[in-house]
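Coordinate inspection notes
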Amino acid sequence: MTKLGFQLYSARSYPPFSEVFAKVAKAGYKEVEGYGAMYAELDDAGLSAMRADLDRHGLTMPTGHFSIDMLEGDPERALKIAKALGVESIYAPHLMPDQRPKDAKGWHDFGVRLEKISKPFKDAGLDFGWHNHDFEFVTLSDGSVPIDQIFAGGPGLSWEADIAWVVRGGGDPYKYIEKYGPRITSVHVKDIAPAGQNEDEGGWADVGHGTLNWGKLIEVLKKTGARHYVVEHDNPNDLDRVVTRSIASFKTY
């Protein structure tokens, strides 16, 4: 079975992370994915302690999210964090609404910007890419979509494909997996609840308990460059449930 990771953003409301590491390791996960806020303020001792905690639970952190601000403004710091925690693939994860371009040229230019940002990380031997949400799949005035413009402007960018967000943005996941399969180095595995359900959890569901056909998706994704599969639930009200039910479902694919 493909190793399964767990995006620690899903557990941000359930500190401390030392207990989260124990929980996900016990459930059978081998990898975790970090996110900016959890390590951005850690000093050298804090990073060493987190790495030791990961090692103690038999976990690795091969992928990590880092804010655009850090990646662009302080790449040395991002590289230091990545080295300390063993991160091999770095993904820029998001753009706030007030920072998002309004037209195709703006999104193309953003791809150019990401390509430039990627240089010190690629020079260090790391994978560098973009993690999508829904807004990259909303049609622009010229008929194109932001994700295409981003990848046209950044031809060397990898993609951490968040399939559920593709669907929420109105995109056909199979179309984009086929189109950008060689770019896909990581996949977010999460599910969408049926309409009107789990509204207190943002409409998300545990993997295998929603509307996405993950069995079929995994078969298609096996033909891509994906090296990591990472469970995520953006707003769970029961962390134990998400952790255990999602990996149980994944094992059947």
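Before reading on, note that the structure itself is shown above.
A few points on the structure. Along each chain, the written sequence defines residue order, and numbers are assigned to residues from 1. Whole-chain, interface and lining totals are the exception, using all residues; otherwise, since this is a predicted model, local features are given only for residues with pLDDT of at least 70 and side-chain atom pairs are given and counted only at 80 or more. Calculation of side-chain values draws on the structure's entire complement of heavy atoms; hydrogens and water are dropped beforehand.

Below, the discussion takes up the pattern of salt bridges. Every case where a carboxyl oxygen of Asp or Glu lies within 4 Å of a side-chain nitrogen of Lys or Arg is listed as a salt bridge. Under the defined criterion, the tally for this structure stands at 16 salt bridges. Measuring nitrogen to oxygen at the nearest pair gives 3.0 Å for the salt bridge that ties E232 to K190. Placement of E232 in the loop between β10 (228-231) and α11 (239-250) and of K190 in the loop between β7 (184-189) and β8 (191-192) is noted, with a sequence separation of 42 residues between them. The residues E232 and K190 share a single accessibility class, namely buried. A salt bridge links E219 to K222; the shortest N-O distance between them is 3.3 Å. Through salt bridges with shared partners, a single ionic network connects D162, K190, E232 and D234. Numbering of helices and strands runs from the N terminus, with a helix taken as a DSSP run of H or I at least four residues long and a strand as a DSSP run of E at least two residues long. Only protein chains enter the accessibility calculation, which uses a 1.4 Å probe; a residue is then buried when its area is under 20% of its type maximum, exposed when over 50%, and partly exposed in between.

To estimate the expected span of a helix, subtract one from its residue number and multiply by 1.5 Å. The terminal C-alpha atoms of helix α6 (residues 104-123), which comprises 20 residues, lie 29 Å apart, in line with the 28 Å expected from a rise of 1.5 Å per residue. At I117, α6 shows its largest kink, close to 30 degrees, and the proline P120 lies no more than four residues downstream. Within α6 the residues assigned to the buried category are A104, G106, W107, F110, G111, L114, I117, S118 and F121. To get the bend at any residue, fit one axis to the seven residues that end at it and another to the seven that begin at it, then take the angle between the two axes.

Below, the discussion takes up the pairing of strand β1 (residues 4-7). Along β1, one buried face is formed by L4 and F6 and the opposite face, lined by G5 and Q7, is buried too. Two strands are said to pair when DSSP picks up at least two bridges between them. Where β1 and β10 come together, three bridges link them in parallel fashion. Within β10, the position partnered with L4 by the bridge is Y229. Of the strand pairs in this sheet, β1 and strand β2 (residues 31-34) are connected by three bridges, and their pairing is parallel. In the sheet register, G5 faces β2, and the bridge partner there is E31. Remark: the β1/helix α1 (residues 17-27)/β2 crossover connection has right-handed handedness. Handedness of a crossover: with both strands directed away from the viewer, a clockwise path from the first strand across the helix to the second marks it as right-handed.

Quick look at the nonpolar core now. Among the nonpolar cores identified, the biggest contains 76 residues, and F6, L8, F66, W130 and W214 are the most heavily contacted of them. Sorting elements by how many residues they give to this core places α6 first, with six residues. Nonpolar core, defined: a set of buried Ala, Val, Leu, Ile, Met, Phe, Trp, Tyr and Cys residues in which side-chain atoms within 4.5 Å join the residues together.

Our next topic: the side chain of T63. By the element assignment, T63 lies in strand β3 (residues 60-65). Whenever two N or O atoms come within 3.5 Å, that pair is a polar contact, provided that in protein one can donate a hydrogen and the other can accept it, and provided that, for residues adjacent in sequence, both atoms are side-chain atoms. For T63, the side chain forms a polar contact with the side chain of E33, separated by 2.8 Å. Contact definition: two residues touch when any of their heavy atoms are within 4.5 Å. Residues within four places of T63 in sequence aside, it is in contact with V32, E33, G34, V87, S89, Y91, S186, H228 and V230.

Turning our eyes to something else, we now look at helix α7 (residues 146-153). The element α7 is largely enclosed, with a buried count of seven among its eight residues. Among the residues making up α7, those that are buried are P146, I147, D148, Q149, I150, F151 and G153.

What follows is about the pairing of strand β5 (residues 127-131). In summary, the side chains of a regular strand alternate between the two faces of the sheet. In terms of residue burial, β5 counts as a mostly covered element, since five of its five residues are buried. Pairing between strand β4 (residues 89-92) and β5: four bridges, direction parallel. Residue pairing across strands places Y91 opposite G129, the latter belonging to β5. Handedness of the crossover joining β4 and β5 through α6: right-handed. Examined bridge by bridge, β5 and strand β6 (residues 158-162) share three bridges and lie parallel to one another. Note on β6: the bridge partner recorded for G129 is S158. With respect to chirality, the unit in which β5 leads through α7 into the neighbouring parallel β6 is right-handed.

Here the focus is the packing of aromatic side chains. Any two of the Phe, Tyr and Trp rings considered here, Trp counted by its six-membered ring, make a pair once their centres fall within 6.5 Å; the pair's planes then place it as stacked at under 30 degrees, edge-to-face at over 60, or tilted in between. Scanning the model with the defined rule gives 16 aromatic pairs in all. With 5.0 Å between their ring centres and 35 degrees between their planes, Y39 and F66 make a pair best called tilted. Pair noted here: Y39 is in helix α2 (residues 36-39) and F66 is in the loop between β3 and α4 (68-73), with a separation of 27 residues, a long-range link. By the burial criterion, Y39 is buried, and F66 matches it. Either the NZ atom of lysine or the CZ atom of arginine qualifies as a charge over a ring when it sits within 6 Å of the ring centre and within 35 degrees of the ring normal. Here R168 stacks its cationic end above the ring of W204, 3.7 Å away from the centre of that ring. Above the face of the Y174 ring, K216 is positioned so that its terminal group lies 4.8 Å from the ring centre.

The analysis is restricted to geometry; functional conclusions fall outside its scope.
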